[in-house]
Each structure stands twice: as C-alpha cells, then as structure tokens.
Amino acid sequence: MRGGKSIKDRYLWVGGILGLLLFLVTSWSDPSVRQTYAVDSEGAAAKAAAFWKEHGVDTAGYTSTVLMQNDQLADGYLGQQNLQQEFVKKGYSGRPIVYWTVTYNEPNGRNHWTTKIDPDTGQIVTWQRTDAAPAQNLEEAARKQLAMQALTALGVQVPDLTVATETSSLKSKRSGDLPALPKDDPNFRTYLYEYKVPASEWQLGDLTLSYEVRITGDLVRQVSYTYQTPVSFQTWHDRQEKIGMILTGLSLFFTFVLFVLAFVFLFLNKQKKPWWSALWMSLLVTGLFALSNLNEWPTLRQQFVEAGSTGAAQTIGFVVVLVVVAILAVLVGGASYVLIATGGGLVKEVNPKLWTPWRSPEWGVCLRRAMWRGWALCFIWLTLQNAFYWVAQHVFGVWFENDFSMSPSNMTFPLLMPLMAWMAGLQEETTYRLFGVTFFKRYWKSSFLACLLPAMVWALGHSLYPIYPVYTRFIELTLFGLLIGYCYLTWGFETVLFAHVAFDAVQMALPFLFGGNGKEIAIGVLYLVSPIVIGWGLSLVKSRKRLPGTESPPL
C-alpha cells in the first residue's frame, strides 16, 4: 500500500530511527569523518602568495589553481599495511601525504610557480618555479651548498646530497604532482640532488623517504620530497586499477545494452508513455550532468590543460572541455529520456503504483510521502553500509585511499556539490530501477533476478573508487542494489530516488558538520537539507490534494 500507512511503513520508520541513532554513533566514533584541516583553500592561497612575495614574485593578477591532493600510492600502502596511525605518531611535519597544491600561472606566458602546503600547519613543504633564468654555472661544491640551503629554508636538515641525474632538459620525477619544467637554457645543465633518508632514521614497513632539489646553473628550480613504495605494491596497485577500468567498461557496455532494450521496447510496448515527465526529467539530468562536471573545472584544468600554458591555451582548453561535457550531457540526457519513457510505460503492466506521473493530481502528496520515506531508508542504508565496511576492514582486510578528486575543496563552487547527489540519484535510479528492475520484472516475473541483474551492472560502474581489493565495491553495491530494488518494488520510484539523494547528501555533509568552524557547519546543513527543500518545493507545484481514503496529514 503506497498511499497510506502500512505495516511496512511502520517498520520502515522504526528502522529509520534506529538507523539514524546507530549512524550518528558510528560516525562520531570514526576519526576519518571528523578529520579537518586548519588551513582551507583560501588560507593555502594566501600562504603561497606570501611565500612567493618573499622570493620577489608578485602573484597579483596571475591565474591560480588551488587543489587538495595526496600521494595516492603512499596513502594506499599505509592503508594496506594498516600503518596510518603509526605514520601519524612517527611524525610527518614538513612531509605530509595530504597537501594543498597552489599553482600560479602568468597570464600571457608559460611561467608558473607551484607550492605544496601542509593543511595542518600551513607550512610550505615543496616549491617549484620556471620564471627566473640562471646567471652562471656553479662548481659542484657551490651547487651542493645551494641545494642544502634550500632544504634548510624549509626546515629540513640533511647531512649530505648526491647527484641523482644530470641533463640539459630534466623533467619532474613526480609529474603527476608538480608540472613538468620547460626545457632549460642549453648553456646550463640541470642537476637533481637527492638525499635518501636511511631506514634507521625514518621508515615505515617498506615505505622510504627521500628529498630532492633541482638546480639549473645558480638557480634552485624545485625543492620536494618523495615517498617510495615497494615495487611489488606498485605493480599490484597498477593491476588493480586496470581491473577496475575493465569492470567499469563492462558496466558501460551493459548499461548501453539496457539503453538498446529500452529503445526497442519503447516502440514494442503498447502502453501509454509518460512523454512529458520523461522530457523534463531528462532535461534535468542533462543540466545536472553539465553543471556537476563543469564545477570540477579546477581538477579538469590540471588534468587536461598544461599548467603554465598561455592564456590562449587555457581558453582553448576550457572550450574543449566545455564542448566535451556538453556532448556527454546531451547523450546522457537523451538516453535518460528513452529509459524513463520506456520504464514509465512498463510500470503500468508491473504495478502502476511504482511511479506517479507528473499529470496525476496525487503527484504532490506522493512526492512528500516519498521524501520522508526516503530519509528513513537513507539512514537504514547508511547503517548497513557502515556495518559492511566494518566487517570488510576487520575481517577481510579491505582498505581505502583518500580520493580528493570529488572533494568540495576542489570544486569551483562548493555549494553546488549537492547537485551531484541529484544527478546520481536521477540518472542511476531511472536507469537501473525504473527501467532495469521494471523490465526484468515484467518479462521474467522473478523479483530476485529482476533486482539482481541491474544491481550487478550498477555495481560494476563503481569499480574505480579507491577501495581495495577492487572487487569490494562490486560485492557491496550488488547487495545494496538488491536491497534498493526491493525497496523500489515496495515503495516506488520516488522513494528510492529521495533515499539515494539523501544517502549521498548526508555523506557529503558529514565532514562539514563535524568539521568545526561556522562556515563549514553551515555548508553541511545546506547539503543536508537540500533534498528536503527541493522535494517539498517540488511537491507544492502540484495540488495538495490528499490521496483517497487518507485522513491524517501525509508523512
């Protein structure tokens, strides 16, 4: 019974309240949720600007990129070996694994200035410059002394340095972290000095640490440090990423198969299709997809536009990204239109109550009920997910790597991040539940298989998340996909949509709510209430007419 309060609804609310309480307890006791940094992106930019001003570079008027990043291999190795706490105890001041990367670019030139900043202390830990030109060649002893002085200025004391490489155009060893240097003046050689910290002084498992200084002529170009993981771990990690890409490719292939099925049955199925509902929902998916991806412009610029490139190249790069995102958004929106229209027609044969069309006078009431049921389901799902990963970590040795690619800190407009929750909720629930589950339920009758097959395709699409071993997410989301499918067949599309959106919004909000300062808490509250505000606002567009046979106010 979707309309009134059924026995299942009562169980749902009891489970939701218990889930909320358990989720709050487990989240509060999880240090990773409450992890905050003393220096935000604005503070990091100010530290970087002050540093370069001390070195005679006025960054006023320069374009800048500020990103939260990490040494993912080292982070993964510490997670695999369960060494994170020991890493913190051993001390990492001046050589963090997580850091702000601030890059200033000259508007009309190729020069750039890059710094990494410890987010806990605000300390500059590495820097690189490409602007100045060397004036003279130095003797070996003078070069080494200059290199050691550069390290000392960052608070690093080393007994000696050795020449690791010598070349006329040496590129960065860590090109994924710092932009590559341009070709240097052929009259001056570039020397890379290195100090490998002995295991007796610093080592965790087989993780080692070294410092590097790059000098051209009499000019220090770069000062940095490197964590070196074992070759066996690097090989294993690379293999895991390749497997993740293959599994993601399989998800894309089978999702395309679902689209083909939806396109074919769009014409074969004779039921009336919700053309207008499909249109506005697919347009919404198109817009959310475009906005969510463009909001990641700082990360996209670093990945696809060469740092330090000219203003014209930056503009061309932005236009290319804009065009690609627009094309993908139209393709995703068009596919969503077909999937929604076909799924909306099929529900009439499976169970008309699975989805209330826009034109129905009951739409507003159903939407409000679905919103509150969705919140109850959200906390049940969150609690089950916490339980899954507790068992996975403590029994099966699953571990995580920090991934800042989707961090609000790396968004152009962090306040727009909840749009990602709506994009994921709409796109995935219309594809894998409204069409996928409904289609298989219509033609196979088996609820288990109808929920299982779309769940497996959906789960495969999350294989590139930095959770290892790589098959962990497939197992997790196949199980959760089965659960979501059952919830869809019980309470309908609107309920699982709001549950999915709320689930994502809560996880986005938690670091801010437990973060500390008032600005972060306000952002967290905004993320948290966005599904309620949007859901309630949409429900008011239609009549407040109650469903037949209901006397109490809708929940």
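> I'd like to hear about the overall build of the chain, residue by residue, with values.
The secondary structure content of the chain amounts to 15 helices and 10 strands. Scored against the burial criterion, the 555 residues of the chain give a buried share of 50%. Across the chain, the fraction of contacts at a sequence separation of at least 24, relative to all contacts at a separation of at least 6, is 75%. Approximately 25,700 Å² of the chain is accessible, and the part contributed by carbon and sulfur atoms is 64%.

> Account for the packing of aromatic side chains, with residues named and values stated.
Summed over the entire model, instances satisfying the criterion amount to 31 aromatic pairs. For the pair Phe 51 and Trp 127, a centre-to-centre distance of 6.2 Å together with 50° between the ring planes defines the contact as tilted. Here Phe 51 is found in helix α2 (residues 41-54), whereas its partner Trp 127 is found in strand β4 (residues 124-129), with 76 residues between them in sequence. The class of Phe 51 is buried, set by a relative accessible area of 9%. Ring geometry for Phe 265 and Tyr 443: centres 5.1 Å apart, planes at 55°, overall tilted. Here Tyr 443 lies in helix α11 (residues 418-444) and Phe 265 lies in helix α6 (residues 231-268), a separation of 178 residues in the sequence.

> Tell me about the pattern of salt bridges, residues and numbers included.
The full count for this structure, using the stated rule, is 6 salt bridges. In this structure, Glu 140 engages Arg 143 in a salt bridge whose closest nitrogen and oxygen atoms are separated by 2.7 Å. Here Arg 143 and Glu 140 lie together in helix α5 (residues 140-153), a separation of 3 residues that amounts to about one turn. Its relative accessible area of 8% is what places Arg 143 among the buried residues.

> Lay out the side chain of Ser 210 in plain terms, naming residues and giving numbers.
Note that Ser 210 resides in strand β7 (residues 208-216). Ser 210 gets classed as buried once you look at its relative accessible area, which sits at 8%. At 3.1 Å, the side chain of Ser 210 and the side chain of Glu 212 are in polar contact.

> Quick one: what's the story with the environment of Phe 396, residue by residue and with numbers?
Tracing the backbone through its elements, the reader meets Phe 396 in helix α10 (residues 363-396). With 73 residues separating them in the primary sequence, Phe 396 and Pro 469 have C-alpha atoms 9.7 Å apart.

> Can you lay out the packing of α6 against α11 for me, pointing to particular residues and giving the numbers?
Two elements in contact, α6 and α11, have axes separated by 11 Å at closest approach and are oriented at 65°. α11 is crossed by α6, and the crossing has left-handed handedness. Within the contact between the two elements, α6 uses Ser 251, Thr 255, Leu 258, Leu 261, Ala 262 and Phe 265 and α11 uses Thr 431, Tyr 432, Phe 435, Phe 439, Phe 440 and Tyr 443. Residues of the contact of α6 with α11, tallied by class, amount to 9 nonpolar, 3 polar and no charged.

> Hey, could you go over the environment of Arg 368 for me, with residue numbers and the actual values?
Considering the arrangement of structural elements, one finds Arg 368 in helix α10. For Arg 368, a relative accessible area of 5% puts it in the buried group. Along the primary structure Arg 368 and Gly 537 are separated by 169 residues, whereas in three dimensions their C-alpha atoms are 9.4 Å apart.

> Please provide a residue-by-residue account of the pairing of strand β2 (residues 98-105), values included.
Of all 8 residues that make up β2, 8 are buried, and the element is covered over most of its length. The two faces of β2 match: Val 98, Trp 100, Val 102 and Tyr 104 on one face and Tyr 99, Thr 101, Thr 103 and Asn 105 on the other face are all buried. Relative to strand β3 (residues 112-117), β2 is paired through 6 bridges, and the arrangement is antiparallel. When the sheet's bridge partners are listed, Tyr 104 is paired in β3 with Trp 113.

> Please give an account of the nonpolar core that cites residues and values.
It is characteristic of soluble globular proteins that their nonpolar side chains tend to be buried jointly. Trp 381 and Tyr 488 are the most contacted members of the largest nonpolar core, which has 76 residues in total. Dropping the residues within four chain positions of it, Tyr 488 is found in contact with Val 347, Leu 354, Arg 433, Leu 434, Val 437, Thr 438, Phe 493 and Val 496. Grouped together as the second largest cluster of nonpolar side chains are 50 residues, Val 39, Trp 100, Val 125 and Trp 202 included.

> Run through α11, naming residues and quoting values.
Counted at 1.5 Å a residue, the expected span for α11 with its 27 residues is 39 Å, and the 36 Å between its end C-alpha atoms agrees. Helix geometry: α11 is bent most strongly at Thr 430, by close to 40°. With 21 of 27 residues buried, α11 is to be regarded as a mostly interior element. Lys 445 sits one or two residues past α11 and shows a positive phi near 70°.

> Provide a residue-level description of unusual backbone geometry, including the pertinent values.
Along the chain, Tyr 468 connects to Pro 469 via a cis peptide bond; the corresponding omega equals -5°. By the element assignment, Pro 469 lies in the loop between β10 (467-468) and α13 (472-491). Not every positive phi belongs to a glycine, and Asn 82 is a case in point at roughly 55°. By the element assignment, Asn 82 lies in the loop between α3 (72-80) and α4 (84-90). Its relative accessible area of 64% is what places Asn 82 among the exposed residues.

Conventions adopted
- Residues numbered from 1 in each chain as written.
- Predicted model: local features only at pLDDT ≥ 70, side-chain atom pairs only at ≥ 80, totals over all residues.
- Heavy atoms only, no water.
- Helix = DSSP H or I, 4+ residues; strand = E, 2+ residues; numbered from the N terminus.
- Buried < 20%, exposed > 50% of the residue type's maximum accessible area, 1.4 Å probe, protein only.
- Contact = heavy atoms within 4.5 Å.
- Areas by Shrake-Rupley, 256 points an atom, 1.4 Å probe, with all protein chains shown as cover.
- Phe/Tyr/Trp six-rings, centres within 6.5 Å; stacked < 30°, edge-to-face > 60°.
- Salt bridge = Lys/Arg side-chain N within 4 Å of Asp/Glu carboxyl O.
- Polar contact = N/O pair within 3.5 Å; in protein donor to acceptor, adjacent residues only side chain to side chain.
- Axes fitted to C-alpha atoms, helices over the stretch in contact; angles between N-to-C directions.
- Left-handed = near helix turned anticlockwise from the far one by under 90°.
- Nonpolar A, V, L, I, M, F, W, Y, C, P; charged D, E, K, R; others polar.
- Pairing = 2+ DSSP bridges.
- Core = buried A, V, L, I, M, F, W, Y, C linked by side-chain atoms within 4.5 Å.
- Expected span 1.5 Å × (residues − 1).
- Bend = angle between axes of the 7 residues up to and from the residue.

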